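# Residue-level structure breakdown
The primary structure of each chain is shown beneath.
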Amino acid sequence: MTGRRASAGTAVFPDRFEEFKAGIERALPYAAATGVKRVHLMAGIASPSDARAGEAYRRALRWASERVAREGLMAVIEPLNGRDVPGYFLNDFSAAEALIRELAIPNLKLQFDIYHRQILHGDVAMGLRAMMPIIGHIQIASVPSRNEPDVEELNYPFLFAELDRLGYDGFVGAEYRPRAGTIAGLDWFKPYAGQR
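## Describing the overall build of the protein
If you tally the helices and strands in the protein, you get 7 helices and 5 strands. Secondary structure of the protein in N-to-C order comes out as α-α-β-α-β-α-β-α-α-β-α-β. In terms of overall dimensions, the protein is globule-like: its C-alpha atoms have a radius of gyration of 17 Å, near the 16 Å expected for 196 residues. Reported as C-alpha extents along the three principal axes, the dimensions of the protein are approximately 50 × 35 × 35 Å. Counting all 196 residues of the protein, 46% fall into the buried class. For the protein, the exposed area adds up to about 10100 Å²; of that, 54% sits on carbon and sulfur atoms. Treating the 24 positive side-chain charges of the protein as one cloud and the 24 negative ones as another, the clouds have centres 3 Å apart.

Following this line, the structure appears as structure tokens:
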């Protein structure tokens, strides 16, 4: 495996559980050094209908959530669209929600990437409203280009106001490919600088 597929995670592979655990252990010193409070548990490439992959994923989520909880961290899972990550196991927001509710692990939450949500299902505001109790982190980008969240098909000023209305008090991660470099790519944020 090469490229994006190789970096899509190992949690769904029963024979790679020890590798998955070692990856979590390797991440913990980085989390401590940087002060981050969330660890993204990536699933891997497998069919969502593969029962062995599903059981391996549940096992990995249980173990990792418990392990990161001992460090005071939250574990998050994120559905990814098939255009960006073909074959990703967790490719549906309802499936992620059902899994989080089934496992009922206090520190296991949803990483709600608005870019992926729009591509997979649309109906972003209603999704945020319905899933807010299980959301642990939010990410943004423009759709469909995955550039700065300032143009194209999403109305981010409305969505930011909706997050405030819903009482979301966490960070919003900007995960996008800048059109003209990192510094120029931050211009979209100027109207929001200093707000809280």
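## What about the pairing of strand 2 (residues 74–77)?
The pairing of strand 1 (residues 38–40) with strand 2 spans 3 bridges and is parallel. From the neighbouring strand, Arg-38 faces strand 2, where its bridge partner is Met-74. Following the backbone out of strand 1, through helix 3 (residues 51–69) and into the adjacent parallel strand 2, one traces a crossover that is right-handed. Across 3 bridges, strand 2 lies against strand 3 (residues 108–113) in parallel orientation. The residue bridging Ala-75 from the neighbouring strand is Leu-108, located in strand 3. As a crossover connection, the stretch from strand 2 through helix 4 (residues 93–103) into strand 3 is right-handed.

## Quick word on the environment of Ile-105
For Ile-105, the location among the structural elements is in the loop between helix 4 and strand 3. Owing to a relative accessible area of 16%, Ile-105 belongs among the buried residues under this scheme.

## Overview of helix 2 (residues 17–34)
If you check helix 2, its first and last C-alpha atoms are 26 Å apart, about what 18 residues at 1.5 Å a residue would give, namely 26 Å. Considered for burial, the residues of helix 2 that qualify are Phe-17, Phe-20, Lys-21, Ile-24, Leu-28 and Ala-31. Structurally, helix 2 contributes buried residues whose contacts are with strand 1 and helix 3. One or two steps after helix 2, the chain reaches Gly-35, where phi turns positive at roughly 80°.

## Details of the pairing of strand 3
By the criterion of burial, strand 3 is predominantly enclosed, with 5 of the 6 residues buried. Of the pairings in the sheet, the one linking strand 3 to strand 4 (residues 135–140) comprises 4 bridges and is parallel in character. In the strand pairing of strand 4, Asp-113 is matched with Gln-139.

Here is what the cut-offs are and how they apply
- Residues numbered from 1 in each chain as written.
- Predicted model: local features only at pLDDT ≥ 70, side-chain atom pairs only at ≥ 80, totals over all residues.
- Heavy atoms only, no water.
- Helix = DSSP H or I, 4+ residues; strand = E, 2+ residues; numbered from the N terminus.
- Rg over C-alpha atoms; globule rule 2.2 N^0.38 Å.
- Buried < 20%, exposed > 50% of the residue type's maximum accessible area, 1.4 Å probe, protein only.
- Areas by Shrake-Rupley, 256 points an atom, 1.4 Å probe, with all protein chains shown as cover.
- Lys, Arg positive; Asp, Glu negative; His and termini not counted.
- Charge placed at Lys NZ, Arg CZ, Asp CG, Glu CD.
- Pairing = 2+ DSSP bridges.
- Right-handed = clockwise from strand over helix to strand, strands pointing away.
- Expected span 1.5 Å × (residues − 1).
- Contact = heavy atoms within 4.5 Å.

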